Amino acid sequence: KLSASYDVLGNSPLTRVFVLKDGAGEHNSAALLYADYNLFHTDLELGFVNEAFNVFGRMRYQKSNIDKNVFFTLPEWTGELRFLYNWHKRINAGLRTEFASMREGTAFYVKKDSGEHLSSVPMSVKEYLDLGLYADYAYSSKITFWIQCGNLLNQEIQRNILYSEPGRSLTAGICINL
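Everything numeric here is computed off the predicted structure, so don't read it as measured data.

What counts, and where the lines are drawn
- Residues numbered from 1 in each chain as written.
- Predicted model: local features only at pLDDT ≥ 70, side-chain atom pairs only at ≥ 80, totals over all residues.
- Heavy atoms only, no water.
- Helix = DSSP H or I, 4+ residues; strand = E, 2+ residues; numbered from the N terminus.
- Rg over C-alpha atoms; globule rule 2.2 N^0.38 Å.
- Salt bridge = Lys/Arg side-chain N within 4 Å of Asp/Glu carboxyl O.
- Buried < 20%, exposed > 50% of the residue type's maximum accessible area, 1.4 Å probe, protein only.
- Contact = heavy atoms within 4.5 Å.
- Pairing = 2+ DSSP bridges.
- Axes fitted to C-alpha atoms, helices over the stretch in contact; angles between N-to-C directions.

Caption draft 1: Expanded view of the overall build of the chain. Within the chain, the regular secondary structure consists of zero helices and 12 strands. Ordered by position from the N terminus, the helices and strands of the chain form the series β-β-β-β-β-β-β-β-β-β-β-β. For a compact globule of 178 residues, the expected C-alpha radius of gyration is about 16 Å, and the chain comes in at 21 Å, more than 25% above that figure. Taken over the C-alpha atoms alone, the chain extends approximately 65 × 40 × 30 Å along its principal axes.

Right, here's the structure in full:
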């Protein structure tokens, strides 16, 4: 599926970064502010499903008129790719990857007590590639055990400004269908 859209967005949430300075040093703070902007995006989605394999891919290109001297821009490229292998409808194993291109913006240095603007500096959030593995085992029609590993490349991932996801991750669980 290929789609494209041009959106005129009013009063939409965007991120601005402040560096608060006081006698104890500097403290970063992200603020959610609202602004109007235009956004063009095109999306490509592909998928394939049969009894043993499930493959899904999505890629998005987007361009906006968000001013990087005021807010953080959106990543121009984002996407995901997932492969899942089903063995006898009992064991699933898969690979997934998500990525986003760099985001640019500006950090505003202000005095913490008075809010006085001191200076502004360009800032960016690095691109990332999040590679992960997934597996589950259907013990019965009602109970499934699963495990997933994420960020296997151990990259700094910032889906949200100023919040880095910590290194590799491992999550496990039980799904019970009543």
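Caption draft 2: Broad picture of the pattern of salt bridges. Following the criterion strictly, the structure yields 12 salt bridges and no others. Note that Arg-58 is salt-bridged to Glu-80, the shortest N-O span being 3.3 Å. Here the residue Arg-58 occupies a position in strand β3 (residues 53–64), and Glu-80 occupies one in strand β4 (residues 77–87), the gap between them amounting to 22 residues. Since its relative accessible area comes to 23%, Arg-58 is described here as partly exposed. Among the residues examined, Glu-80 registers a relative accessible area of 17% and is labelled buried. When salt bridges with common partners are traced through the structure, they connect Arg-96, Glu-98, Asp-130, Arg-159 and Glu-165 into a single cluster.

Caption draft 3: Expanded view of the environment of Phe-72. Take Phe-72: it is sitting in the loop between β3 and β4. By relative accessible area, which is 1% here, Phe-72 ends up buried. Residues within four places of Phe-72 in sequence aside, it is in contact with Thr-15, Val-17, Ile-66, Arg-103, Glu-104, Gly-105, Thr-106, Met-123, Ser-124, Val-125 and Ile-161.

Caption draft 4: The sheet that holds β3, seen in detail. Taking strand neighbours across the sheet as the criterion, the 10 strands line up as β7-β6-β1-β2-β3-β4-β5-β8-β9-β12 in an open arrangement whose pairing is mixed. Bordering the open sheet on either side are β7 (117–125) and β12 (169–176), each of which pairs with just one other strand. For this sheet the average axis-to-axis angle between neighbouring strands, irrespective of direction, equals 20°. Looking at chain direction, strand β1 (residues 2–22) and strand β2 (residues 25–49) are connected through 19 bridges and run antiparallel.

Caption draft 5: Structural context of the pairing of β3. Examined bridge by bridge, β2 and β3 share 11 bridges and lie antiparallel to one another. What sits directly across from Leu-39, in β3, is Ser-64. With antiparallel pairing between neighbouring strands as the criterion, β2 and β3 make up a hairpin whose turn holds three residues. Where β3 lies against β4, nine bridges are found, and the strand directions are antiparallel. Considered in β4, the bridge of Phe-56 is made with Arg-82.

Caption draft 6: Molecular detail of the side chain of Thr-78. Within the secondary structure layout, Thr-78 lies in strand β4. Its relative accessible area of 15% is what places Thr-78 among the buried residues. Residues within four places of Thr-78 in sequence aside, it is in contact with Arg-58, Met-59, Arg-60, Phe-99 and Ala-100.

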